[in-house]
Amino acid sequence: MLNKGCSEEELFTFFSQKKREDMDYNYILSSMCTIPHPVAVRAHCMFMETNLGDPGLFLGTASLEKLLIMRLGTLFHLPEAGGYATTGGTESNIQALRLAQVSKKEITYPNVVVPESAHFSFRKACDLLCLEMRTVPLGKDFRMDTGEAAEQIDKNTVCLVGIAGSTEYGMVDPIADLAKIADSHDVFFHVDAAFGGLVLPFLNHSKPFDFSLPGVTTIAVDPHKMGMSTIPAGCLLTRRPDMLNSLNIETPYLSVKQEYTLAGTRPGAPVVGALAVLDYLGVQGMRAIIAGCMKNTERLIAGMEIFGFPRAVTPDVNVATFTCREVPEPWKVSWTRHGHLRIVCMPHVHLDRIEAFLKDIGEMHA
Ligand code: 0PR
């Protein structure tokens, strides 16, 4: 740390330089985050100093968090669902597994059953909670094999996990079948809809993945992905409104005497940002944006196949994957664990970006 400090001018000149080292979103095709919506930015700035970790001091912000949970609960066919705003999918997944574990405290060696496509946050959750992670292989369509899932469940299983919009291939597991399996074995069923939770409700022909299925216990959904909020904004939703109380610990000197969240100090700003986007756009506005992302995904797939780069699978959400070994600079793409090229058609990936990418890759492989 500098002894004397420095001028604001100097400081921000330095920051501007550093910011130029960041990638420009114009070329980012690999991210599940996006440029936040202007109303999210405005709300974020307005609520910058709020701390949901001491909700008694920020009653207005705390009630906006409740409103966000109600909006998402309604979208997932259960307006009275419980839940809270997390820092993202990782925290939501950790907390969901914690809930499942405390619901069956009597089990000495608990395990959870997850698809091979599960995000690596489940690895972290299992490490932290000392849970055995059982991995179920995927079928040819990159979806969890339900027969295998049923086989892996035993008397020590505390949770089955399904993915609604997988990170690498954008696939939705057979959630309805998995919900039935979980129900019949009396285990929790957590749906990781961190990405797909704000895509699937706005598509015309998507299958149910939410609380409309009786077996679904908890859902993770991230406004900082397809919800276009500022970072960090995730949400964990629970079927029973009081379910989170099983995680309560005493907080004697705060404005509230108990808390079930993982983080202590929690930013209100991105939470209000998330609510701002949903309320500003409404269902119609979200539908229009999601329809655009899906159309761009289809255009990308069609364009790539003309060049001889076949899709790995037809995705359920806006994540496209291809057999293709190389892409030109400065495009930033990612590669799946099976070596497929992966592109996420986020809201910032407009049609002109897709066309520019196709032109560049066509020239490179000409
Ligand atoms: N569940 C699913 C299905 C996810 O795709 C992700 C993250 C998570 C949980 C964890 O969410 P948090 O990262 O919010 O805790 N998916 C992206 C990924 O790992 C996150 C990401 C976003 C990575 C932008 C890179 C990036 O540039 O690919």
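Model, not experiment: these values are computed from the prediction.

A. Structural detail: the side chain of Thr-218. Within the element layout of this structure, Thr-218 appears in strand 6 (residues 218-221). A distance of 2.9 Å separates polar atoms of two side chains, one belonging to Thr-218 and the other to His-190.

B. Seen up close, the domain arrangement of the protein chain. The assigned domain composition of the protein chain is domain 1 (18-36 + 282-364) and domain 2 (38-278). Of the residues lining the interface, 29 residues belong to domain 1; the matching set on domain 2 comes to 34 residues. Summed over both partners, the interface of domain 1 with domain 2 buries about 2,700 Å², with 66% contributed by carbon and sulfur atoms. The tally of links between domain 1 and domain 2 comes to two salt bridges. In this structure, the salt-bridge partner of Arg-337 is Glu-168, at a minimum N-O distance of 2.6 Å. Within the residue set of the side of domain 1 that touches domain 2, elements represented by two or more residues are helix 8 (269-306), strand 10 (319-322) and strand 12 (341-344).

C. Spatial organisation of the packing of helix 2 (residues 38-46) against helix 8. At a minimum axis separation of 7 Å, helix 2 and helix 8 run at an interaxial angle of 145 degrees. Classified by chirality, the crossing of helix 8 by helix 2 is right-handed. Where helix 2 abuts helix 8, its residues Val-39, Ala-40, Ala-43 and His-44 lie against Ala-269, Pro-270, Val-272, Gly-273, Ala-276, Val-277 and Tyr-280. Grouping the constituent residues of the contact of helix 2 with helix 8 by class yields nine nonpolar, two polar and no charged.

D. Seen up close, the nonpolar core. Leu-160, Leu-300, Met-304 and Phe-357 are the most contacted members of the largest nonpolar core, which totals 78 residues. Both of domain 1 (18-36 + 282-364) and domain 2 (38-278) provide at least three residues apiece to this core. Every residue in contact with Leu-300, bar those within four places of it in the chain, is listed here: Ala-320, Phe-322, Ile-343, Cys-345, Ile-354, Phe-357 and Leu-358.

E. Focus on the packing of helix 3 (residues 59-75) against helix 8. At a closest axis distance of 9 Å, the pairing of helix 3 and helix 8 adopts a crossing angle of 45 degrees. If you check the angle between helix 3 and helix 8, you find them oblique. In terms of crossing hand, the pair formed by helix 3 and helix 8 is left-handed. When helix 3 is examined against helix 8, the residues Thr-61, Leu-64, Glu-65, Leu-67, Leu-68, Arg-71 and Leu-72 are found in contact with a partner set consisting of Val-271, Val-272, Ala-274, Leu-275, Leu-278 and Asp-279. A breakdown of the residues in the contact of helix 3 with helix 8 according to their chemical character gives nine nonpolar, one polar and three charged.

Definitions and cut-offs
Residues numbered from 1 in each chain as written. Predicted model: local features only at pLDDT ≥ 70, side-chain atom pairs only at ≥ 80, totals over all residues. Heavy atoms only, no water. Helix = DSSP H or I, 4+ residues; strand = E, 2+ residues; numbered from the N terminus. Polar contact = N/O pair within 3.5 Å; in protein donor to acceptor, adjacent residues only side chain to side chain. Domains from an automatic or database assignment. Contact = heavy atoms within 4.5 Å. Buried area = accessible area lost by both parts, 1.4 Å probe. Salt bridge = Lys/Arg side-chain N within 4 Å of Asp/Glu carboxyl O. Axes fitted to C-alpha atoms, helices over the stretch in contact; angles between N-to-C directions. Left-handed = near helix turned anticlockwise from the far one by under 90°. Nonpolar A, V, L, I, M, F, W, Y, C, P; charged D, E, K, R; others polar. Core = buried A, V, L, I, M, F, W, Y, C linked by side-chain atoms within 4.5 Å. Buried < 20%, exposed > 50% of the residue type's maximum accessible area, 1.4 Å probe, protein only. Parallel < 35°, antiparallel > 145°, perpendicular 65-115°, else oblique.

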